[in-house]
Amino acid sequence: MGEQAAFAKMNGLGNEIIVADMRGRSDHIAPAAAIALARDPATKFDQVMAIHDPKTSGTDYYVEIINCDGTRAQACGNGMRCVVQALAAETGRNRFTFETLAGILTAAEHENGLISVDMGKPRFGWQEIPLSEEFADTRRIELQVGPIDAPVLHSPSVASMGNPHAIFWVDRDVWFYELEKFGPLLEHHPIFPERANISIAEVTANDALILRTWERGVGLTRACGSAACAAAVSAARTGRTGRNVTVTVPGGPLEIEWRDDDHVIMTGPAEWEFSGTFDPVTGAWSRDNAAAPAKRGVA
Ligand SMILES: N[C@H](CCC[C@H](N)C(=O)O)C(=O)O
């Protein structure tokens with residue numbers, strides 16, 4: 001049994017998030033605890049965002065990201081927005097600097113309640129994705145789904161936001177494709193030695209696209225923030241859109257700006273659902289009666 005830790009069940013456009021307060025502790029959430037929480041319908045999550053004391057001077061917190069299968073991830077855009085909203089309500093601050101496996105990132109909550117996260121610079125080199133074989137041009141790699149002579153999907157763009165993404169471009173409704181069928185096959189394809197998040201994107205305007213994602217370590221989710229970033233920068237670098245794109249995921253819209261300094265800024269909402277305490281060793285948890293924390297504006 002471990003000493004109880006506070007948590008908040010939240011979501012970012014329907015991406016199910018648990019924000020866990022691990023500050024002031026030397027322990028970490030055990031994979032078994034994460035898997036137990038993921039199995040409970042009430043606390044079922046896509047990612048746990050564990051807030052730890054800072055590791056690096058100049059940062060406020062270290063954030064550990066755990067997928068519902070217990071694997072660690074380098075980036076989680078929707079989860080970071082939930083972390084910002086929770087910390088802003090607790091501290092009254094509206095700007096934060098975090099460290100994650102993907103590096104240092106900054107974030108801010110706006111007066112209207114929306115949250116912007118600087119997701120850092122995208123990586124496009126085949127070894128940075130990573131891919132298991134060399135591709136000189138990662139704007140489209142040789143990978144396809146379905147019959148050789150009539151592939152259902154082919155030639156994805158690949159990019160990393162600290163975590164690996166493959167974006168398949170389609171010219172029709174993204175719901176036409178059986179992502180639940182071939183998402184797992186592609187996630188585990190040998191070309192992705194660290195697996196990958198698999199998305200289907202339909203570009204609808206020079207500043208808009210629609211996205212569905214099968215997430216690495218999770219499966220289908222209603223939103224994937226880092227995939228929205230990866231899709232927006234891939235759309236821009238393949239000439240499909242400009243550098244400011246509204247990415248509409250099943251849970252709603254995210255605004256993505258690929259700045260001239262190469263940083264990718266993602267802006268969107270976060271939503272608190274309930275809070276409680278849990279055991280980081282076993283995953284046993286209990287709900288408390290806390291009310292929704294005051295948050296700025298109306299997103
Ligand atoms: N499943 C992802 C991590 C979470 C990504 C997503 N929830 C987001 O909002 O970016 C991975 O293993 O790379």
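Remember, predicted model here, so these are calculated numbers, not experimental data.

Enquirer: It is not clear to me how the overall build of the chain should be interpreted in this structure. Could you clarify?
Expert: In terms of helices and strands, the chain carries four helices and 20 strands. In terms of overall size, the chain behaves like a compact globule, its C-alpha atoms giving a radius of gyration of 19 Å where 299 residues would be expected to give roughly 19 Å. Referenced to the eigenvectors of the C-alpha coordinate spread, the extents of the chain come out at roughly 55 × 40 × 35 Å. Across the 299 residues that make up the chain, the buried fraction comes to 55%.

Enquirer: So what exactly am I meant to see when it comes to the site of the ligand here?
Expert: Looking at the ligand, there are 15 residues lining it, with Asn15, Glu215, Arg216, Gly225 and Ser226 nearest. Note that a nitrogen atom of the ligand is positioned 2.8 Å from one of the side-chain N or O atoms of Asn15. Contacts to the ligand include Gln47, whose side-chain N or O atom sits 3.0 Å from a nitrogen atom. For the ligand, whose accessible area on its own is 360 Å², the fraction buried by protein is 100%. If you list the elements that add at least two residues to the shell around the ligand, you get α2 (77-91) and α4 (225-237).

Enquirer: What's the story with the pattern of salt bridges in this structure? I'm lost.
Expert: Going through the model one piece at a time under the given rule, you end up with 13 salt bridges. Between Arg93 and Asp60 there is a salt bridge, with the nearest N and O atoms lying 3.0 Å from each other. Residue Arg93 is found in the loop between α2 and β6 (95-100), and its partner Asp60 is found in the loop between β3 (47-52) and β4 (61-67); the two are separated by 33 residues along the sequence. With a relative accessible area of 35%, Arg93 lands in the partly exposed category. When salt bridges with common partners are traced through the structure, they connect Lys9, Glu16 and Glu273 into a single cluster.

Enquirer: Explanation requested: the packing of aromatic side chains in the structure shown.
Expert: By convention here, two paired aromatic rings are described through the distance between centres and the angle between planes. Enumeration over the complete set of coordinates arrives at eight aromatic pairs. For the pair Phe7 and Phe278, a centre-to-centre distance of 6.0 Å together with 85° between the ring planes defines the contact as edge-to-face. Of this pair, Phe7 sits in strand β1 (residues 5-12) while Phe278 sits in strand β19 (residues 271-278), placing them 271 residues apart in sequence. By the burial criterion, Phe7 is buried, and Phe278 matches it. Seen from their ring centres, Phe176 and Tyr177 are 5.0 Å apart, and the 90° between their planes marks the pair as edge-to-face.

Enquirer: Would you mind showing me how to read the UniProt feature "binding site: substrate" (unreviewed entry) in the chain here?
Expert: Taking the UniProt record as the reference, the feature "binding site: substrate" (unreviewed entry) is found at Asn15, Gln47, Asn67, Gly77, Asn78, Asn163, Asn197, Glu215, Arg216, Gly225 and Ser226. When you line up the elements, Gln47 lands in strand β3. Take Gln47: its relative accessible area is 2%, and that puts it in the buried class. Take Asn197: it is sitting in strand β13 (residues 197-205).

What counts and what doesn't
- Residues numbered from 1 in each chain as written.
- Predicted model: local features only at pLDDT ≥ 70, side-chain atom pairs only at ≥ 80, totals over all residues.
- Heavy atoms only, no water.
- Helix = DSSP H or I, 4+ residues; strand = E, 2+ residues; numbered from the N terminus.
- Rg over C-alpha atoms; globule rule 2.2 N^0.38 Å.
- Buried < 20%, exposed > 50% of the residue type's maximum accessible area, 1.4 Å probe, protein only.
- Near = heavy atom within 4 Å.
- Polar contact = N/O pair within 3.5 Å; in protein donor to acceptor, adjacent residues only side chain to side chain.
- Areas by Shrake-Rupley, 256 points an atom, 1.4 Å probe, with all protein chains shown as cover.
- Salt bridge = Lys/Arg side-chain N within 4 Å of Asp/Glu carboxyl O.
- Phe/Tyr/Trp six-rings, centres within 6.5 Å; stacked < 30°, edge-to-face > 60°.
- UniProt positions renumbered as here; feature names shortened; annotations may be inferred.

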